[in-house]
There are 4 protein chains.
Amino acid sequence: MKSTPEARPRLIALLHGPDRPGLVAGVSGWIYRQGGTILHADQHRDASAGVFFQRVEWGSSSPDAASEAAAFHAYAAEELGMSVSIALGSRRQRVAILVSQHVHACQELLLDWRQGEWTADIVALLSNHTTMQEAAREHGVPFHHLPMEAGRKAEVEGRQLALLRELHVDLVVLARYMQILSADFLAHVGCPVINIHHSFLPAFAGARPYHQAHARGVKLIGATAHYVTPVLDDGPIIHQEVRRVSHRDAVDDLLRKGRGLEKLALSEAVRLHLEHRVLVYENKTVVFD
Amino acid sequence: MKSTPEARPRLIALLHGPDRPGLVAGVSGWIYRQGGTILHADQHRDASAGVFFQRVEWGSSSPDAASEAAAFHAYAAEELGMSVSIALGSRRQRVAILVSQHVHACQELLLDWRQGEWTADIVALLSNHTTMQEAAREHGVPFHHLPMEAGRKAEVEGRQLALLRELHVDLVVLARYMQILSADFLAHVGCPVINIHHSFLPAFAGARPYHQAHARGVKLIGATAHYVTPVLDDGPIIHQEVRRVSHRDAVDDLLRKGRGLEKLALSEAVRLHLEHRVLVYENKTVVFD
Amino acid sequence: MKSTPEARPRLIALLHGPDRPGLVAGVSGWIYRQGGTILHADQHRDASAGVFFQRVEWGSSSPDAASEAAAFHAYAAEELGMSVSIALGSRRQRVAILVSQHVHACQELLLDWRQGEWTADIVALLSNHTTMQEAAREHGVPFHHLPMEAGRKAEVEGRQLALLRELHVDLVVLARYMQILSADFLAHVGCPVINIHHSFLPAFAGARPYHQAHARGVKLIGATAHYVTPVLDDGPIIHQEVRRVSHRDAVDDLLRKGRGLEKLALSEAVRLHLEHRVLVYENKTVVFD
Amino acid sequence: MKSTPEARPRLIALLHGPDRPGLVAGVSGWIYRQGGTILHADQHRDASAGVFFQRVEWGSSSPDAASEAAAFHAYAAEELGMSVSIALGSRRQRVAILVSQHVHACQELLLDWRQGEWTADIVALLSNHTTMQEAAREHGVPFHHLPMEAGRKAEVEGRQLALLRELHVDLVVLARYMQILSADFLAHVGCPVINIHHSFLPAFAGARPYHQAHARGVKLIGATAHYVTPVLDDGPIIHQEVRRVSHRDAVDDLLRKGRGLEKLALSEAVRLHLEHRVLVYENKTVVFD
């Protein structure tokens, strides 16, 4: 009896490059010739920029899915001229979370993971405070307390980098980590970093966005999950959430309502990333959802 | 100098049928061999039902796009086993609107059309009242007043059908038309019929949904645009909109807020339909947006 | 130095009764004469039913706020003809949660409480499963495992009632408790019971609402927090949340997205209740937010 | 037979000033003593600023509601120390709309008015283009074509001001009027001016906000209705609307989706203003809805 396509090893490729006729036919024809079955395929053309984007996920019939992945990479890069990233759907990715004293977003990620929603594991919590220490222990996640003191930032970042490297981390999530990472840290971390900013970017970048929102008298507040770049709060946006507020909401109410938004936006962005649905191009994202 | 893909005649196909390997490759390969350029392609697999769905839109390089459409239809139906509908993107569809005394949804469609948002034209307004007569004249749309009297429904529907046939209508829109169409009308109309129901279906089907919503004390109200089938308020749902209400909203407030929702939901559903983005399957819709 | 109004003991009254001139003046005049300062006052008239509703919260200057509460109750009931409930803002209410194997909504309430968002405490978790046992221990909440077996429902409900009475519980929350409470239980529980139903009521009442929603092909799903009455899924609605879904969402996706909605809707409804913002009248709620 | 409170002349007062005990009692007692019946009363305390805000609407039993309005104004200003504005609910306000070539928001306001949603009338359309000329004629609204040429701005604004004064206008609405009004115009217009800005302010103030939003790659776009002040796009925000967008949306799609948001946000803001629900304080609004 043959297995269903869903039961076979899955490969997921993200492609982008100069648009030209035959790209969809090329990719789908290659997969068909290997005996694969396309489970999902989604493409996008940026007509003004002349760029083609695709996410394709297929069930492989090869006994060696890793080799098929390598062969696909070579085909798409060399014959189609595409930038390619390709992943084996079954590989559990390794996530590290940096958190400070605001723990709600971190707690949400722990629950998503425990709920079985990820093909990934949280392999470490790093914090400059001990607020999450007990919860980490309860969830069986190693907790690393690296206090941040004046003048010691470079040293602490060095220890963080060593730890992340040692743990072979695939993704770093800043779950309301209240420190700004240095350009040097970002240059060496070696994997994507997702941050949750507590405003509807680009409005209210920087510090104390709920205080800024209250002062401006906006009628909606938001939260923005984005990849971190060296420019503060300027990286590619993955997901945003908003909700209504009114004059009745004091800053404390905005903080409370905002916590809900931050949880939602970060949880969704991390899920989209871990499912290989996000492609970054020119400081923007293409999200294949 | 060659034309850009966007400037060529566009063909849009909607396909569905039994899933099997090679469908994406088959479709995209066929288009590539004709010299076409895929502008958008979106596919969906219903894994549990084993059905494949696709919307594909391409720029044709053929001097005779209509023949290419026919050839594609034959290929997809015969060689891939798909149900196919295919349209020439540039063909202006012909829309008739049935309306009663509640004119807001009809006015919205007139403005969408006048704004240039459609590759379609409103070729007739049919009404059992004269409320829209003047506005129809102002927009240059022929207005047909067919009063509905007790015992004359079959006769009026007969005149409506004759008119719609004579006008070669591609789509009938019920923009708050307060009469229930007979199964006989639906059997003979010969084109899709879209209705706007003033509730979040399946809640509050039938008459006076805002009164029902008020009596139940719901905290959100909605509007639902759907294809009409012989079962009242049960056809495939195309689009739904909702907004918050509170105990402060009397029935009149719900009616007013609901008008905004009805306009939004119907306008969006008609646009999706006219852009060939909606595929009906087993009383549900696949909306390629 | 005088204290600010916010720093004094707060009293919160919910009133409703036959509308007549002078009710706002009566209530506010009474409070003023006691030396109180109104912090919030919100009233609503149901013009068609002729009913007046009010929530008023004030800072008392009395050395004995409990006596002032009793005096206000007598005044509003006897002189104004109102039904009254009145609470001391500083009193920590006692909440019990009934939960089954779906733990996300229960976890959200635990986090809300630990975040310091409530003037209330979770004094017990009752479950027919042991899924939440460990988490309860971690949060320091007594956990009571009462397995539900065929034919033992009356006995188990009796033990639940005894426990809730012994704990002097002010509110019972069904956080995805998959059992239907008997009319007898509801008649004897002696405090409000809030349930989260995993659909946008009144659509999809009863079992397996996400399966129902998937079968109907709706474009939005919802969750509804409501007070429990003996009629299943028919009690007064406190809060509802919705989000968009599409044909791409299989039942499992609806379940996942729905978990987010259930958390949001239940968390908000419990907060509104605990802040004495919800007044029930004729199977509907007036929510003073 | 006595009339119902709703059937009597209605008075609507907006108050704000330094908070102190007895304000609610003072206002409601005064109304009660005149034989009035409060229909709605909503108050707000800004605890940090120590400011009290109230909207109170009552049915007057006086044969001379205008005199009662004047007496209330004197009482609230002199005895309670409040800033007061008071209006007779039945008075039809006079609205002038300034519009350019983007007509959708103006059309929406015309339909709201024709639908009978306002206690107000549109008494003039002023435009630097003739796009709305025909529609104005159809709706029976005087149309004034005042072309804007280089170097003639002061002259054109002078003619606009003369016209608005002559028409005794109560409210000016900029319905996508693409000119920036001078500080001098604003100093002399003598009534509030509401503008619709086509972004989620404070993000993307200034020109071409949809182009800015596209370049930044945001996942939600918005529209903001606000009172106009001499600082561009910085006035008190009345209402905001948002909706999701994705990488699939080119600038033209954002423009189309944005039109829907602009209509919604402006329509709601104008309705709130005309119902005397908006109180401006320190460049923010208190919206009693």
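Before any of the text, the structure's been laid out above.
Owing to the predicted nature of the structure, the values given are computational and were not obtained by experimental measurement.

**Points about the overall build of chain A**
Broken down by element type, chain A carries eight helices and 13 strands. When its C-alpha atoms are laid out on the principal axes, chain A stretches across 60 × 40 × 40 Å. Residues classed as buried in chain A amount to 59% of the 289 residues present. Restricting the contact set of chain A to residue pairs at least 6 apart, pairs at least 24 apart contribute 64%. With an accessible surface of roughly 11400 Å², chain A has 52% of that area assigned to carbon and sulfur atoms. The average position of the 30 basic charges and that of the 32 acidic charges among the side chains of chain A differ by 5 Å.

**Description of the sheet that holds strand β6 (residues 120–127) of chain A**
All names here are of chain A. On the basis of which strands lie adjacent, the open sheet formed by seven strands has the order β7-β6-β5-β8-β9-β10-β11 and mixed pairing. Each edge of the open sheet is held by one strand with a lone partner, namely β7 (143–145) and β11 (237–244). For this sheet, the mean angle separating the axes of adjacent strands, direction not counted, is 20 degrees. Each of β5 (93–99), β6 and β8 (171–175) is contacted by helix α3 (residues 104–114), which is oriented at about 155 degrees to β6, the strand it contacts most.

**Section: the interface of chain A and chain D**
Listed as interface residues are 32 residues of chain A and, on the opposing side, 32 residues of chain D. Of the roughly 2900 Å² buried between chain A and chain D on both sides combined, carbon and sulfur atoms contribute 53%. Together, A:Arg216, A:Lys219 and A:His247 form the three largest contributors to the area buried by chain A at its contact with chain D, with a combined 24%. At the surface where chain A touches chain D, the tally comes to six salt bridges. Between A:Arg248 and D:Asp42 there is a salt bridge, with the nearest N and O atoms lying 2.4 Å from each other. Elements with a minimum of two residues in the side of chain A that touches chain D: β2 (37–46), α7 (209–216), β11 and β13 (284–287) of chain A. Tallied by class, residues from the side of chain A that touches chain D come to 13 nonpolar, 10 polar and nine charged.

**Comments concerning the environment of B:Arg176**
Residues and elements named next belong to chain B. Here Arg-176 shows up in the loop between β8 (171–174) and α6 (183–189). As a C-alpha pair, Arg-176 and His-102 span 74 residues in sequence and 6.2 Å in three-dimensional space. Those residues in contact with Arg-176 that sit more than four places away from it in its chain are Val-99, Ser-100, His-102, His-104, Ala-105, Ile-196, His-198 and Glu-262.

**Brief notes about the relation of the copies chain A and chain D**
Two copies of the chain are present, and they differ by a rotation about an axis and a shift along that axis. Rotating chain A by 180 degrees and translating it 0.0 Å along the rotation axis places it on chain D, where the RMSD comes to 0.0 Å. Both chain copies can therefore be described as sitting about a two-fold axis. In terms of proximity to the rotation axis, the leading residue of chain A is A:Ala203, whose C-alpha is 2.3 Å off the axis.

**Observations regarding the packing of aromatic side chains**
Working definition: an aromatic ring pair is given by the centre-to-centre distance plus the angle between the planes. All names here are of chain B. Counted under the stated rule, the structure contains 18 aromatic pairs over all chains. Centre to centre, the rings of Trp-30 and Tyr-75 are 6.0 Å apart; their planes meet at 20 degrees, and the pair counts as stacked. Taken together, the residues span a long stretch of sequence, with Trp-30 in helix α1 (residues 23–33) and Tyr-75 in helix α2 (residues 65–79) at a distance of 45 residues. Judged on exposure class, the residue Trp-30 and its partner Tyr-75 are both buried.

**Looking at the environment of A:Pro202**
As for its placement among the helices and strands, A:Pro202 is situated in the loop between β9 (193–197) and α7. For the pair formed by A:Pro202 and A:Asp234, sequence separation is 32 residues and the distance between their alpha carbons is 7.7 Å. Look past the residues within four positions of A:Pro202 in its chain and what remains in contact with it is D:Ala203, D:Phe204, D:Arg216 and D:Val218.

**Brief notes about the interface of chain A and chain B**
Of the residues lining the interface, 18 residues belong to chain A; the matching set on chain B comes to 18 residues. For the interface between chain A and chain B, the tally reads zero salt bridges. At the level of secondary structure, the elements contributing two or more residues to the side of chain A that touches chain B comprise α1 (23–33) and β2 of chain A. It is β2(A) that provides the largest number of residues to the side of chain A that touches chain B, a total of seven residues. Taken together, the residues of the side of chain A that touches chain B break down into nine nonpolar, six polar and three charged.

**Some points on the packing of helix α1 (residues 23–33) of chain C against helix α2 (residues 65–79) of chain C**
All names here are of chain C. Taken N-terminus to C-terminus, the directions of α1 and α2 make an angle of 155 degrees; their axes are 11 Å apart at the nearest point. Taken together, α1 and α2 sit at an angle that is classed as roughly antiparallel. Relative to α2, the crossing made by α1 is right-handed. In contact with Gly-26, Val-27 and Trp-30 of α1, α2 contributes Glu-68, Ala-71, Phe-72 and Tyr-75. Residue classes in the contact of α1 with α2 are distributed as five nonpolar, one polar and one charged.

**Let's talk about the side chain of A:Ser100**
By the element assignment, A:Ser100 lies in the loop between β5 and α3. Contact partners of A:Ser100, with chain neighbours within four places excluded, come to A:Ser127, A:Asn128, A:His129, A:Thr131, A:Arg176, A:Tyr177 and A:Met178.

**Notes on unusual backbone geometry**
Of all residues except glycine, most have a negative phi; of all peptide bonds, most are trans. For the bond running from C:Leu201 to C:Pro202, omega is 10 degrees, close enough to zero to count as cis. Positive phi outside glycine occurs at B:Arg176, with the angle close to 60 degrees. Relative accessible area serves as the criterion here: at 7%, B:Arg176 is assigned to the buried category. Of note in this structure, D:Arg208 is not a glycine but carries a positive phi near 50 degrees.

**Focus on the relation of the copies chain A and chain B**
The two copies are related by a screw motion: chain A maps onto chain B through a turn of 180 degrees and a shift of 0.0 Å along the axis, at an RMSD of 0.0 Å. Interface residue correspondence from chain A to chain B reaches 100%, placing this contact among same-surface, isologous pairings.

Calculation notes
All residue numbers here refer to positions counted from 1 along the written sequence of the relevant chain. Each chain is given a letter, starting from A, and each ligand a number, starting from 1, according to the order in which they appear as written. Where local features are concerned, this predicted model is filtered to residues with pLDDT of at least 70; where side-chain atom pairs are given and counted, the filter is 80 or more; whole-chain, interface and lining totals use all residues. Side-chain metrics rest on all non-hydrogen atoms present in the structure, leaving aside hydrogens and water. Runs of H or I in DSSP of at least four residues are treated as helices and runs of E of at least two as strands, each being numbered from the N terminus. Burial here depends on accessible area, computed with a 1.4 Å probe over protein chains only, as a share of the maximum for the residue type. Under 20% is buried, over 50% is exposed, and the range in between is partly exposed. Contacts were defined at the residue level, with two residues in contact if any of their heavy atoms lie within 4.5 Å. Surface accessibility follows the Shrake-Rupley procedure with a 1.4 Å probe radius. Residue values consider only the protein chains on display as shielding. When charges are counted, neither His nor the chain ends are considered; positive counts come from Lys and Arg and negative counts from Asp and Glu. Here the site of a charge means NZ on Lys, CZ on Arg, CG on Asp, or CD on Glu. Strand pairing is defined by DSSP finding a minimum of two bridges between the two strands. Here an angle of 0 to 180 degrees is reported between the N-to-C directions of two axes, which are lines fitted to C-alpha atoms, with helices fitted over the stretch in contact. Two parts placed together each lose some accessible area; with a 1.4 Å probe, that loss summed over both constitutes the buried area. We define a salt bridge as a side-chain nitrogen of Lys or Arg found within 4 Å of a carboxyl oxygen belonging to Asp or Glu. Side-chain classes are defined by residue name, with Ala, Val, Leu, Ile, Met, Phe, Trp, Tyr, Cys and Pro counting as nonpolar, Asp, Glu, Lys and Arg as charged, and the others, Gly among them, as polar. The superposition of copies rests on a least-squares fit of C-alpha positions from residues with pLDDT of 70 or more in both. Each Phe, Tyr or Trp ring (for Trp, its six-membered ring) is paired with any other whose centre lies within 6.5 Å, and the angle between the two planes then decides the class: stacked below 30 degrees, edge-to-face above 60, tilted in between. Just so you know how the angles are binned, under 35 degrees is roughly parallel, over 145 roughly antiparallel, 65 to 115 roughly perpendicular, and the rest oblique. Helix crossings fall into two classes, left-handed where the near helix is turned counterclockwise from the far one by less than a right angle and right-handed where it is turned clockwise.

It is worth stressing that arrangement in space is one thing and function is another; only the former is reported here.
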